[in-house]
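Chains, contacts and geometry: an overview
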Amino acid sequence: TILVDSSHPDFLARFKMTRQGTPKVDERLCGYLATIVSSHYRERAYQAASRQRVDYALAYEQMISTYCRLEDALRSVLPKLLRDMSEEGAP
C-alpha cells in the first residue's frame, strides 16, 4: 500500500475541484501521482531483492521507466476516472 499525503503542499498545488465540487484529475495530478508512486514502488522492489550494492545508473533508468509506464497507465484511465467521479457527484 502506498499512501499519498493529500495535505502536502505539492499535492495541494496540483489538486483542484470542479465547480460541482468533485475532484478534478488532470495531467498535472497524474504526473505527480506517477512520480510519488513509482519512487516508492522502486524502493520496495530494491528492498525485496535485498540488494546490498546498487547500480545507481540502472536504478535511475528503472525509476524513469516505472514513472513513464505509470504515467501512461494513469493517462489512459483518466477519461473513465473523470466520468466515474462526475457520476458519483451527480445528484
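Since this is a predicted model, take the numbers as computed values, not measurements. (Residues numbered from 1 in each chain as written. Predicted model: local features only at pLDDT ≥ 70, side-chain atom pairs only at ≥ 80, totals over all residues. Heavy atoms only, no water.)

Taken together, Ile 2, Val 4 and Tyr 41 make up a surface patch of nonpolar side chains, about 250 Å² in accessible area. Secondary-structure assignment places Tyr 41 in helix H2 (residues 27-49). (Patch = residues over 30% accessible without salt bridge, like charges linked within 9 Å, V, L, I, M, F, W, Y side chains within 5 Å. Areas by Shrake-Rupley, 256 points an atom, 1.4 Å probe, with all protein chains shown as cover. Salt bridge = Lys/Arg side-chain N within 4 Å of Asp/Glu carboxyl O. Helix = DSSP H or I, 4+ residues; strand = E, 2+ residues; numbered from the N terminus.)

A separate point is the packing of aromatic side chains. All chains considered together, the criterion is met by 2 aromatic pairs. Taken together, a centroid distance of 5.4 Å and an interplanar angle of 20° make the contact between Phe 11 and Phe 15 stacked. Here Phe 11 falls in the buried class, since its relative accessible area comes to 11%. Members of the aromatic cluster, each reached through a chain of ring pairs, are Phe 11, Phe 15 and Tyr 32. (Phe/Tyr/Trp six-rings, centres within 6.5 Å; stacked < 30°, edge-to-face > 60°. Buried < 20%, exposed > 50% of the residue type's maximum accessible area, 1.4 Å probe, protein only.)

Moving on, we get to H2. Between its terminal C-alpha atoms H2 stretches 32 Å, which fits the 33 Å expected from 23 residues at 1.5 Å a residue. Listed in full, the buried residues belonging to H2 are Leu 29, Cys 30, Gly 31, Tyr 32, Ala 34, Ser 38, Arg 42 and Tyr 46. Just beyond H2, the residue with positive phi is Ser 50, at close to 50°. (Expected span 1.5 Å × (residues − 1).)

These results come straight from atomic positions and should not be treated as a statement about function.
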